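Read off the chains here:
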Amino acid sequence: MSSIHTSLAVLLALALASTTWGQGRTVPPDRERQEIAAELERVKRSEVAERRGRLSELVERILRLPKSPDQVRLLLHAADQYRDIGSYRAESLYRQAVRRAPDDPYALHAIGRYFRLFRGAKGLYSEAQRYYTRAEEVVEARLREEEEKLSVDVIENDADRQASIAELRHLREVIRRGQIELQKREGYSLGRPFGGDGFSISYQTDATAGSAFPGHNDLATPARAILKVDPAFDPRLLLREREIVRHEHTLRVRAGSWPWLDVFWTGIADDEAIASQTSPPTFSDVDVSDGGVALEDDVRLGPLGDLLWRLEYRKTKLDIVGMPDEDIERWTTRLVWTRNFGRVKSDLELIGSVADVELPGGAEDLDDLWAANLTLLFFPQQRRYDDQIDVRGYELGMGFVRNVRTFGPNVDLVRDTYFTSAEIRDVLPRTDVRLVENFFDTQVEGSPNEDSSSLESNLILTHRLVDRVNKIRVGDSERAVGLAQWALVLRGFDDQALGDLKQFESRGGRFGTFVELYSGPARRSTAILEVAYEYRDYYELSEEESVIMFTLKLGIGNS
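As the structure is a prediction and not an experimental result, all values here were calculated from the model. Position numbers for residues start from 1 in each chain and track the written sequence from start to end. Local features in a predicted model are, by the rule used here, given only for residues with pLDDT of at least 70; side-chain atom pairs are given and counted only at 80 or more, and totals for whole chains, interfaces and linings are based on all residues. Excluding hydrogens and water, the side-chain values take into account all heavy atoms of the structure.

As a further point, take the overall build of the protein. Each helix and strand counted, the protein has nine helices and 17 strands in total. By residue count, 46% of the 559 residues in the protein fall in the buried class. Should any heavy atoms of two residues lie within 4.5 Å, those residues are counted as being in contact. Taking as baseline every contact in the protein between residues at least 6 positions apart, the subset at least 24 positions apart corresponds to 61%. Working definition of accessibility: Shrake-Rupley area with a 1.4 Å probe, residue cover restricted to the visible protein chains. Put simply, the protein shows about 27,300 Å² of open surface, and 58% of that area lies on carbon and sulfur atoms. A run of H or I in DSSP becomes a helix once it reaches four residues, and a run of E becomes a strand once it reaches two; helices and strands are each numbered from the N terminus. Each residue's exposure class comes from its accessible area (1.4 Å probe, protein chains only) as a fraction of the maximum for that residue type: buried when under 20%, exposed when over 50%, partly exposed otherwise.

Now for the nonpolar core. The tendency in soluble globular proteins is for nonpolar side chains to be buried as a group. Put simply, buried Ala, Val, Leu, Ile, Met, Phe, Trp, Tyr and Cys residues joined by side-chain atoms within 4.5 Å make one nonpolar core. One finds Leu40 and Tyr94 to be the most contacted residues of the largest nonpolar core, which totals 50 residues. Secondary structure elements with two or more residues in this core: helix H2 (29–43), helix H3 (48–64), helix H4 (69–84), helix H5 (89–100), helix H6 (105–117), helix H7 (125–152) and helix H8 (159–183). Counting residues per element, this core draws most heavily on H7, at nine residues.

It is worth spelling out a nonpolar patch on the surface at this point. Surface patches are drawn from residues lacking salt bridges whose relative accessible area is over 30%; two like charges belong together within 9 Å, two nonpolar side chains (Val, Leu, Ile, Met, Phe, Trp, Tyr) within 5 Å. The salt bridge definition used is simple: a Lys or Arg side-chain nitrogen within 4 Å of an Asp or Glu carboxyl oxygen. A surface patch of nonpolar side chains, amounting to about 650 Å² of accessible area, comprises Val299, Leu301, Leu304, Leu335, Trp337, Phe341, Leu348 and Leu350. For the nonpolar patch, the elements supplying multiple residues, two or more each, are strand E7 (326–340) and strand E8 (344–358). If you trace the backbone, Leu335 turns up in strand E7. Leu335 sits in the partly exposed class, given a relative accessible area of 34%.

At Arg430, a position not held by glycine, the phi torsion is positive, near 60°. Looking at the element boundaries, Arg430 is found in the loop between strand E11 (411–428) and strand E12 (431–444). A residue is classified by how much of its surface remains accessible, and Arg430, at 32% relative accessible area, is partly exposed. One non-glycine residue with positive phi stands out, namely Ser542, at about 55°. Residue position: Ser542 is located in the loop between strand E16 (526–538) and strand E17 (543–556).

One less than the residue count of a helix, multiplied by 1.5 Å, gives the span that helix is expected to have. Taking 1.5 Å of rise per residue, the 17 residues of H3 would be expected to cover 24 Å, and the 25 Å separating its terminal C-alpha atoms lies within 8% of that figure. Arg51, Leu55, Leu58, Val59 and Ile62 are the residues of H3 that are buried. Down the axis of H3, the buried set is contained in an arc of 110°. They therefore lie on one face. Exposed residues lying more than 90 degrees from the buried face of H3 are Ala49 and Arg64. When we speak of the arc, we mean the arc of directions from the helix axis to the C-beta atoms.

Turning to its location among the elements, Asp262 is positioned in strand E4 (residues 260–276). Within the structure, Asp262 has its side chain in polar contact with the side chain of Arg252 (distance 2.8 Å). Look past the residues within four positions of Asp262 in its chain and what remains in contact with it is Thr250, Leu251, Arg252, Gly292, Val293, Ala294, Glu296 and Arg310. Pairs of N or O atoms are called polar contacts if they sit within 3.5 Å, as long as, within protein, a hydrogen donor faces a hydrogen acceptor (for residues adjacent in sequence, only side-chain-to-side-chain pairs).

On to the packing of aromatic side chains. Pairing of aromatic side chains requires ring centres within 6.5 Å, counting the rings of Phe and Tyr and the six-membered ring of Trp. Pairs whose planes differ by under 30 degrees are stacked, by over 60 edge-to-face, and all others tilted. Going through the model one piece at a time under the given rule, you end up with eight aromatic pairs. Geometrically, the ring pair formed by Tyr313 and Trp331 is tilted, given 5.6 Å between the ring centres and 50° between the ring planes. Residue Tyr313 is found in strand E6 (residues 306–320), and its partner Trp331 is found in strand E7; the two are separated by 18 residues along the sequence. Classification of Tyr313 by relative accessible area gives partly exposed; the value is 26%. Exposure remark for Trp331: the relative accessible area of 38% places this residue in the partly exposed category. A network of ring pairs unites the aromatic residues Tyr94, Tyr114, Phe115 and Tyr131 as a single cluster.

With that out of the way, let us pick up the packing of H4 against H5. Each axis is a line fitted through C-alpha atoms, taken for helices only over the stretch in contact, and angles between the N-to-C directions span 0 to 180 degrees. Relative orientation of the contacting elements H4 and H5 amounts to 165°, with a least axis distance of 8 Å. Classified by the angle between their axes, H4 and H5 sit roughly antiparallel to one another. When the axes of H4 and H5 are compared, the crossing they make is left-handed. Residue-level inspection shows Gln71, Val72, Leu75, Leu76, Ala78, Ala79, Asp80, Tyr82 and Arg83 of H4 in contact with H5, the latter providing Arg89, Ala90, Leu93, Tyr94, Gln96, Ala97 and Arg100. Throughout this description, any angle smaller than 35 degrees is read as roughly parallel, any larger than 145 degrees as roughly antiparallel, any in the 65 to 115 degree range as roughly perpendicular, and the remainder as oblique. The handedness criterion is simple: a crossing whose near helix is rotated anticlockwise from the far helix by less than a right angle is left-handed, and one whose near helix is rotated clockwise is right-handed.

Glancing now at the pairing of E11. Two strands make a pair as long as DSSP finds a minimum of two bridges between them. Pairing analysis gives 14 bridges linking strand E10 (residues 394–407) to E11, with the strands arranged antiparallel. Looking at E11, one finds that Met398 is bridged to Thr420. Bridge count between E11 and E12: 13 bridges; the pairing is antiparallel. Note on E12: the bridge partner recorded for Val414 is Gln443. Between E11 and E12, which pair antiparallel and follow one another directly, the connecting turn spans two residues, one of which, Arg430, has a positive phi of 60°.

Okay, the pairing of strand E5 (residues 282–300) next. In the sheet, E5 pairs with E6 via 15 bridges, with the strands oriented antiparallel. Looking at E6, one finds that Ala294 is bridged to Glu312. Here E5 folds back onto E6 in antiparallel fashion, the turn holding five residues, of which Gly302 has a positive phi close to 65°.

Here it is in structure tokens:
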């Protein structure tokens, strides 16, 4: 009987061992963590379908581990993997890591960075800012603690503590740079004048000054628009030098979970512009002033992505010297749906806008605009963008704009613009290449002889002489003023008429430079300065034009 009992005991022990091994209970925690970490690295090289299944199994094993800093690191690693394959389960894992270690600065920074770079049209600001702010608070507290120990207890002045302090300082720098990039969407913070973390006001201003001409191909295509109303114009009359000064201001109010309220106003002083559509045209000084309000917010749609919506009302007044004023009221709706598919992030933007133009004598014109734009950003697989502030990949864009202007009861002017773009960033060290094709088509209802179309090709090269955005240097943001980027921009363009208006065929180029500066941790504001010179040759007219442009953008900061 004793031999039978012994055999049964051995079999029972083996069965229990097999059961506990299958549940992962007999594996020492350290060994289990090492096996999971190694398996996560192997999963990176698997196909997406296989990765989903393997990641789900690994997450279950991670969650069964004892609570520890290593468990948090594994959760963050798994969250990064889900992010890379476009699964919105990444958000859940980032949050679980933060719940297990609410004072872990690496976990707080990881989820803040995820919301800034991989979610929303321009990042989910409120979520990202909340985690960034908490991460910096934790890092500052730990740094003070480590530095105090370093200065008081000489015995503890070892290499490990020095390395820990250096690592915390580097993390603080990364967090601050991330906040600066996030704040570019917001404006210069005027603080929380009424107290409380849920309320703040920010301010942003943008000013442009220089010489410009009305013959450029932009959204309004002003030269073509004028000619469509009265084709008897001599196009050479449009090549007149004029001075334009433009300034834009925005106040943004954020209050808790409420949508953001924007109050904005713009002023434009245009010297010697075309003031009336008569033959010959009348040139006069034109002042444009407008302002309005808007509501804007981000909505998380779970696995479907994120939605940015904006409702805007704008009132514009045109003050033309020697002529009655014109008033324009415009209502605009903007929707941007964003979906992260892993290595591809897509933005689909839809815009609808209607305007009433009140003319002297009680007449009224209508000005409607519809637009759609799809942008795809491809993240390069070989690049470790987890260590970078700004993700620079490959971008494709396409879209259209339709603008319909009704002049009284009889004349409808329809302008269609179709565009495609492709950009390769860092195709050479610190160099981006962008190709843009614009197709313009103008139609006048009832006057087909006045229809026209053209194709404009643009090649833009950007070379960053200084690029510290993705190269973090400890102590950079402690400076009173730091240089983030300094780049040279070279653009070549060719505008070909596909029908009428051959006289507007042109070619030329633009050369410019822009500088981006940021201040220290007290304000963390940013200034962007751009200076450019553009030359255009209307070879059919034997006419030339030059543009000198100066742009300054201020007020990007953090409270």
